[in-house]
Amino acid sequence: MRPFAYVRAEAIADAVRPEAAAPHYLAGGTTLVDLMKLDVLRPAAVVDINGLAPRHGGIEAGRQGLRLGALARMSEAEAHPAVRRDYPVIAQSLQLAASPQLRNMASLGGNVLQRTRCSYFRDTAHPACNKREPGSGCSALDGAHRSHALLATSEQCIASYPGDFAQALVALGATVELAGPAGARTIAFEDLHRGGDDAPHLETTLRPGELILAFRVPAAPFARRSLYLKVRDRQSYAFALASAAVALDLGPGREVRELRLALGGVATRPWRAHAAEAALRGRRLDESAARQAAEAAFADARPRAHNAFKVELGKRTVVRALLAAARMEIPA
Ligand code: SF4
């Protein structure tokens, strides 16, 4: 590991300083320290933000919705009774994301910013990786890309977004509170990530030096009938080959009043399947309708030699998730 400057921030003003070059923020360190050891990230300065946890690590649940402090640990959020009862897709996405040890360390803010698992990105022996070295090329296009993306890809990068929790936040229409050198702002969570464009090294819309403070999740009717389905090579401690976060509101005749569907493991960013949502809105949710929605979700898929199996796998994941959400018993 290379030498770097270490600063511990006790207040937002210590962390977000207009005069400072944009630092790397350290919370749980489960992504940052890994990538520093691999020499993929070489920060000149690391700002430890764990001193902000008393003000930005809490979980508040009320009638209007949920506020998840960015420094809350994954294990704290997944175990919170209101999260488990009223926002099950969040609890499930966190529980399925990683080992208990990692979930005890990793912060929610860091989790949504985790970097891709593309092996060419993580191994500096491969010089061609546009995400690590802009303009260097993409080793995965003609290399090993079994786990790579089908949606929102480009000729510059086909790396899958690796997280799970982000899909839950997309499905629930969450927003993100940010602090930065130019002040505070709030954006839709769906607008936080970018992908599928000509600049794969730019993974988010965060401005230089901006820090995530919290996620807000509205108490919408579809939040309680929500779930996360993750399909992977082995049943624990693996990244998704395909996943689906579903949030569903059914009418008295079991017709779809509202549906939110976000996909993981198949796109370069947390992917909201708008076409699938539109295909089901107002219809009775049965297997045939679910399959039509799944076809719509993958209509724009661009598979390659090693990951073509993920098209059908992704569709089956969507069908299973939709039908399971429709069957959920919602406690009064
Ligand atoms: Fe790099 Fe993206 Fe290509 Fe992987 S897919 S080698 S991360 S540019």
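Note that this is a predicted model, so its numbers are computed, not measured.

How each quantity is defined
- Residues numbered from 1 in each chain as written.
- Predicted model: local features only at pLDDT ≥ 70, side-chain atom pairs only at ≥ 80, totals over all residues.
- Heavy atoms only, no water.
- Helix = DSSP H or I, 4+ residues; strand = E, 2+ residues; numbered from the N terminus.
- Buried < 20%, exposed > 50% of the residue type's maximum accessible area, 1.4 Å probe, protein only.
- Contact = heavy atoms within 4.5 Å.
- Areas by Shrake-Rupley, 256 points an atom, 1.4 Å probe, with all protein chains shown as cover.
- Lys, Arg positive; Asp, Glu negative; His and termini not counted.
- Charge placed at Lys NZ, Arg CZ, Asp CG, Glu CD.
- Near = heavy atom within 4 Å.
- Nonpolar A, V, L, I, M, F, W, Y, C, P; charged D, E, K, R; others polar.
- Core = buried A, V, L, I, M, F, W, Y, C linked by side-chain atoms within 4.5 Å.
- Axes fitted to C-alpha atoms, helices over the stretch in contact; angles between N-to-C directions.
- Parallel < 35°, antiparallel > 145°, perpendicular 65-115°, else oblique.
- Left-handed = near helix turned anticlockwise from the far one by under 90°.
- Pairing = 2+ DSSP bridges.
- Salt bridge = Lys/Arg side-chain N within 4 Å of Asp/Glu carboxyl O.
- Polar contact = N/O pair within 3.5 Å; in protein donor to acceptor, adjacent residues only side chain to side chain.
- Phe/Tyr/Trp six-rings, centres within 6.5 Å; stacked < 30°, edge-to-face > 60°.

J.: How would you explain the overall build of the protein chain if you had to name every residue and give the values?
T.: When you go through the protein chain residue by residue, the secondary structure sums to 13 helices and 12 strands. Counting only C-alpha atoms and orienting by the principal axes, one finds that the protein chain spans roughly 60 × 50 × 35 Å. Burial analysis of the protein chain (332 residues in total) assigns 54% to the buried set. Here the analysis covers contacts within the protein chain between residues at least 6 apart in sequence; of these, 64% occur between residues at least 24 apart. By element, 51% of the accessible surface of the protein chain is carried by carbon and sulfur atoms, the whole surface being about 14600 Å². Between the centroid of the 43 positive side chains of the protein chain and the centroid of its 33 negative side chains there is a distance of 3 Å.

J.: Please give an account of the site of the ligand that cites residues and values.
T.: C118, C129, C138, Q156 and C157 are the nearest of the 14 residues found near the ligand. Here the shell around the ligand is composed, by residue class, of nine nonpolar, four polar and one charged.

J.: Requested: an account of the nonpolar core, with residues and values cited.
T.: Ranked by size, the top nonpolar core spans 42 residues in total, and within it L68, I90, F189 and F215 carry the most contacts. The dominant element in this core, judged by the number of residues it contributes, is helix α10 (residues 165-171), at six residues. The contacts of F189, once residues within four sequence positions are left out, are V112, A166, L169, V170, A174, T175, V176 and F215. Membership of the second largest hydrophobic core comes to 34 residues, among which are L261, A276, A294 and V319.

J.: Kindly report on the packing of helix α12 (residues 287-297) against helix α13 (residues 309-327), identifying the contributing residues and their values.
T.: Packed helices, taken two at a time, are described by their axes: the angle between them and the distance between them. Between α12 and α13, the shortest axis-to-axis distance is 9 Å and the interhelical angle comes to 140 degrees. It follows from the interaxial angle that α12 and α13 lie oblique. In this structure, α12 crosses over α13, and the sense of that crossing is right-handed. Packed against α12, whose contacting residues are E287, A290, R291, A293, A294 and E295, the element α13 presents E312, K315, R316, V318, V319, L322 and L323 at the interface. Within the contact of α12 with α13, the residues separate by chemical class into seven nonpolar, no polar and six charged.

J.: Summarise the sheet that holds strand β5 (residues 65-69); cite the residues concerned and give the values.
T.: Across the sheet, five strands lie side by side as β4-β5-β8-β6-β7; this open sheet has antiparallel pairing. On the outer flanks of this sheet lie β4 (59-61) and β7 (183-188), each paired with one strand and no other. The average undirected angle you get between the axes of adjacent strands in this sheet is 15 degrees. Relative to strand β8 (residues 211-218), strand β6 (residues 175-180) is paired through five bridges, and the arrangement is antiparallel.

J.: So what about the pattern of salt bridges? Which residues, and what values?
T.: Applying the stated rule across the entire model yields 26 salt bridges. Here R103 makes a salt bridge to E78, at a shortest N to O gap of 2.9 Å. You can see R103 sitting in helix α7 (residues 100-105) and its partner E78 sitting in helix α4 (residues 74-79), a full 25 residues away along the chain. E78 carries the same exposure label as R103, and that label is buried.

J.: Residues and numbers for the side chain of S226, please.
T.: Along the chain, S226 falls in strand β9 (residues 226-231). Given the relative accessible area of 0%, S226 is considered buried. For S226, the side chain forms a polar contact with the main-chain nitrogen of V89, separated by 3.2 Å. Here the side chain of S226 touches A223 through a polar contact of 2.6 Å, landing on its backbone oxygen. Not counting chain neighbours up to four residues away, the residues in contact with S226 comprise Y87, P88, V89, Q92, V246, A247 and M328.

J.: Summarise the pairing of β7; cite the residues concerned and give the values.
T.: Summarising the sheet, β6 and β7 pair through six bridges and their orientation is antiparallel. Looking across to β7, one finds that V176 is bridged to I187. Counted between consecutive antiparallel strands, the loop separating β6 from β7 contains two residues.

J.: Talk me through the packing of aromatic side chains; I want residue IDs and the actual numbers.
T.: Going through the model one piece at a time under the given rule, you end up with two aromatic pairs. Aromatic side chains F165 and F215 sit 5.7 Å apart centroid to centroid with 85 degrees between the ring planes, which places their arrangement in the edge-to-face category. Here F165, found in helix α10, pairs with F215, found in strand β8; they are 50 residues apart in sequence, far enough to count as distant. The exposure classification of F165 matches that of F215, with both residues buried.

J.: Explain the side chain of R132 to me, using residue names and the numbers behind them.
T.: Tracing the backbone shows R132 in the loop between α9 (119-122) and α10. An unpaired buried charge is present at R132: no salt bridge exists, and E133, the closest side chain of opposite charge, is 5.1 Å distant. For R132, the side chain forms a polar contact with the main-chain oxygen of F121, separated by 2.9 Å. When near neighbours in sequence (up to four residues on either side) are disregarded, R132 contacts V40, Y120, F121, D123, T124 and H126.

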